[in-house]
Amino acid sequence: MEEENARRYHRFLVSELITVFVCGYLIYTVDTTLGYGTDLRFMIPGALLILVLLQNCGYWGYRYLLARGRVSDRRRVLKIFAFFKRLMPVLFLLYPAGLIFEIFTDASKILALITLFGGIVFILALVEHIGMYYIDIKRMKGGKRQPSELAAELSDKGGPS
C-alpha cells in the first residue's frame, strides 16, 4: 500500500512541477507578447501563482518522501507549511492594494488588457491556495466540503496549529 501511495505522490509531484514550468512559460510569454514590459499588474499574480504551485510541489514531495520513510522530522516540515499558510493571505493583499494604488495614481491604466489577465491569474492562484490549505476542491460534491490533505495534517495533533 505504501508503494502505491508513493507512486501516486510521485505522479502528483511531477504533475505540479510540469504545471509550474508551463505556467511560468505562459506568464513570461503573455507578459512579453502584450508589449507592456514587466508590468506588476500581471507579474504579482503570476508570482503568487508560481509560489502556490511550488508549495504544492513541496507538499507532494514531502508526502512522497514520507511514504518512502525518508522524512525524519515531520513537525518541522509541517511548521514550514503552517508558516506559508499564515504568510500567503498577506501576500494576496498585494495585488488588490496595487490596483487600488493604480486607481488613485492613473485610473486609465486599470482598464488595460494586462489587468484582466492579471485578475484571472490572481483568481487561479487564490483557488489553488484554498485547494491546498483549506478545502479539497477536487472532491467537493453536493456542497460538502472536505478538508484538503494538508489541512488535515496541519490540524492533526501531531502538527502545529
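Higher on the page you've got the structure.
Residues numbered from 1 in each chain as written. Predicted model: local features only at pLDDT ≥ 70, side-chain atom pairs only at ≥ 80, totals over all residues. Heavy atoms only, no water.

Some thoughts on the packing of helix α3 (residues 74-92) against helix α4 (residues 94-105)
And step 1. At a minimum axis distance of 5 Å, the contact between α3 and α4 shows a crossing angle of 15 degrees. Judged by the angle between their axes, α3 and α4 are roughly parallel. Facing Val90, Leu91 and Phe92 of α3, the residues of α4 in contact are Leu94, Tyr95 and Pro96.
And step 2. Partitioning the contact of α3 with α4 into residue classes produces six nonpolar, no polar and no charged. (Axes fitted to C-alpha atoms, helices over the stretch in contact; angles between N-to-C directions. Helix = DSSP H or I, 4+ residues; strand = E, 2+ residues; numbered from the N terminus. Parallel < 35°, antiparallel > 145°, perpendicular 65-115°, else oblique. Contact = heavy atoms within 4.5 Å. Nonpolar A, V, L, I, M, F, W, Y, C, P; charged D, E, K, R; others polar.)

A short note on the side chain of Gln55
And step 1. Examined against the element boundaries, Gln55 turns out to sit in helix α2 (residues 40-68).
And step 2. Of the residues examined, Gln55 reaches a relative accessible area of 4% and is grouped as buried.
And step 3. Side chain to side chain, Gln55 and Tyr133 meet in a polar contact 2.6 Å long.
And step 4. Ignoring sequence-local partners within four residues, the contact set of Gln55 consists of Phe81, Phe84, Met88, Met132 and Tyr133. (Buried < 20%, exposed > 50% of the residue type's maximum accessible area, 1.4 Å probe, protein only. Polar contact = N/O pair within 3.5 Å; in protein donor to acceptor, adjacent residues only side chain to side chain.)

Here's the deal with the state of the cysteines
And step 1. What the rule picks out here adds up to zero disulfides.
And step 2. The structure places no disulfide on Cys23, whose sulfur is separated from the nearest cysteine sulfur, that of Cys57, by 10 Å.
And step 3. We classify Cys57 as buried; its relative accessible area is 6%. (Disulfide = S-S within 2.5 Å.)

What about the nonpolar core?
And step 1. Counting residues in each nonpolar core, the largest one holds 34 residues, and the members touching the most others are Tyr59, Phe81, Phe92, Leu150 and Leu154.
And step 2. Elements that contribute at least two residues to this core include exactly α1 (2-33), α2, α3, α4, α5 (113-133) and α6 (149-155).
And step 3. Here the element with the most residues in this core is α2; it accounts for eleven residues. (Core = buried A, V, L, I, M, F, W, Y, C linked by side-chain atoms within 4.5 Å.)

Some words on the packing of α2 against α4
And step 1. Contact geometry of α2 with α4 gives a least axis separation of 10 Å together with a crossing angle of 170 degrees. Relative to α4, the element α2 lies roughly antiparallel. Contacts between α2 and α4 pair Arg41, Ile44 and Pro45 from the former with Leu94, Tyr95 and Leu99 from the latter.
And step 2. When the residues that make up the contact of α2 with α4 are grouped by side-chain class, the tally is five nonpolar, no polar and one charged.

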